[in-house]
Amino acid sequence: MRVISIPDLATALEEIRKIGADEPGQKIMAPKAVFRAVKVRDLTPVQANILKQEMLARGGEAVVARGTVTYTVERTDVLLLGTLKQFRQLIAKLKQQPFGLPRLAEKLAQVLESAEGFHPFRLNCRGRELRLGERTLIMGILNVTPDSFSDGGKYNTVEAARARALEMVEEGADIIDLGGESTRPGHTPVEAEEELRRVIPVLEAILPEVPVPISIDTSKAVVAEEALRRGAHLINDQRALADPNMAAVVARYEAPVVLMHNPSTPQYRDLMGDIIDHLAERVEYAVASGIPREHIILDPGIGFGKTPEQNLEVVRRLDELKSLGLPILVGPSRKSFIGYVLNLPVEERLEGTAAAVAVSIVKGADIVRVHDVKQMVRVVRMTDALVRGRSLER
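An unreviewed UniProt entry annotates the protein as Dihydropteroate synthase originating from Ammonifex degensii. What UniProt records for the protein under Catalytic activity (unreviewed entry) is the sentence "(7,8-dihydropterin-6-yl)methyl diphosphate + 4-aminobenzoate = 7,8-dihydropteroate + diphosphate". What UniProt states about the protein under its Function (unreviewed entry) heading is, verbatim, "Catalyzes the condensation of para-aminobenzoate (pABA) with 6-hydroxymethyl-7,8-dihydropterin diphosphate (DHPt-PP) to form 7,8-dihydropteroate (H2Pte), the immediate precursor of folate derivatives."

Below, the structure written as structure tokens:
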């Protein structure tokens, strides 16, 4: 006798199939085997009371703030607890209710579907392909800057950068992320002209020789446009399209884009809730600007606008970001929160990076952005073998 883990519908179906239930029975019973806890933020007491009543009627639970029933609070968050079957019944009922609940039902259905994970797909990066969802991909960091926190000045000549790009591909990198401006804490911003001077010669040198997609790590539309015009394959925007011209550039060149959470004023009411709400808003903006949803990758911004404790929490709760139903990129490599935990300088954070990468994969990361490609490829392959059941062969 044992307790087993059933994280999703696919696992539930497989466990029920193993017992020997017939196929119609499998489909009926599987939604009863998957438990979900869904947090809904900022509802009126009317909405919350109806939600609680309907969830309780189906055998689930709903947690609301004290005073919701007596209407002595203006707003409340709601924590819904139940099986997939109970949630499906709840959604059907909410679609018949007033007070904006049909719209809430649609969003609830989307979140529950996203929590099951996206189907593997091939992302066309302007002629080069990334196969997302089959295994964890490695994005190798190539900083051509004099002041990056870890490798500043190491690859700021064209030949050194070219050699490192080729070396990372040989080590197993699936993407090369080329950046010309340091974003470390306390960095000095550079003008677009200087960023272009650093990036474009390297881009032109590695494009003919590097067979994997080349990402441009920039938040400036001018830099992104010039790099895309010359053949770059995707944009890694640490400001999530804050430049008013960036979305139009990405859309025009039909490039995939990474949207990172990087708050200008890092104040949180609910850390993961605030990160997810912000990224959801940026996704809506991107889609409205002409960027296909399937071209968007999300990054929770480890190390940006967060304390060491908050960075640890982001990794620990990364699976909550799956609620948006998009591929997830994480970049914990050599970050200061690792130094905070281990009391080690940047050059001695390899093992800490490995731990953060492994846990990120367990929690749903699809791409990891790293400096130490050779070592992290080994960590990723082993973790994928444990988590995804994949062979160690590439």
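So much for the structure itself; the text now carries on.
Residues R128, L130 and L132 point to one face of strand β5 (residues 128-132) and are all buried, whereas E129 and R131, pointing to the other face, are not buried. Here five bridges tie strand β4 (residues 121-125) to β5, and the two strands are oriented antiparallel to one another. Looking at the pairing, R122 lines up with R131 of β5. Here β4 hands over to β5 after two residues, with R126 in that stretch at a positive phi of 50 degrees.

Applying the stated criterion across every chain yields a total of 37 salt bridges. The residue D217 makes a salt bridge to R369 at a minimum N-O spacing of 3.1 Å. With D217 in strand β8 (residues 214-217) and R369 in strand β13 (residues 367-370), this residue pair connects regions lying 152 residues apart in the sequence. Classification of D217 by relative accessible area gives buried; the value is 8%. By relative accessible area, which is 13% here, R369 ends up buried. Its salt-bridge partner being E281, residue R282 comes within 3.1 Å of it at the nearest N-O pair. Within the structure, one salt-bridge network assembled from shared partners comprises K39, R41, D270, D274 and D277.

In this structure, F99 takes a positive phi of about 65 degrees despite not being glycine. Turning to its location among the elements, F99 is positioned in the loop between α4 (84-94) and α5 (101-115). Here the phi dihedral of R126 falls at roughly 50 degrees; this positive angle occurs in a residue that is not glycine. Structurally, R126 can be placed in the loop between β4 and β5.

Calculation notes
- Residues numbered from 1 in each chain as written.
- Predicted model: local features only at pLDDT ≥ 70, side-chain atom pairs only at ≥ 80, totals over all residues.
- Heavy atoms only, no water.
- UniProt positions renumbered as here; feature names shortened; annotations may be inferred.
- Buried < 20%, exposed > 50% of the residue type's maximum accessible area, 1.4 Å probe, protein only.
- Helix = DSSP H or I, 4+ residues; strand = E, 2+ residues; numbered from the N terminus.
- Pairing = 2+ DSSP bridges.
- Salt bridge = Lys/Arg side-chain N within 4 Å of Asp/Glu carboxyl O.

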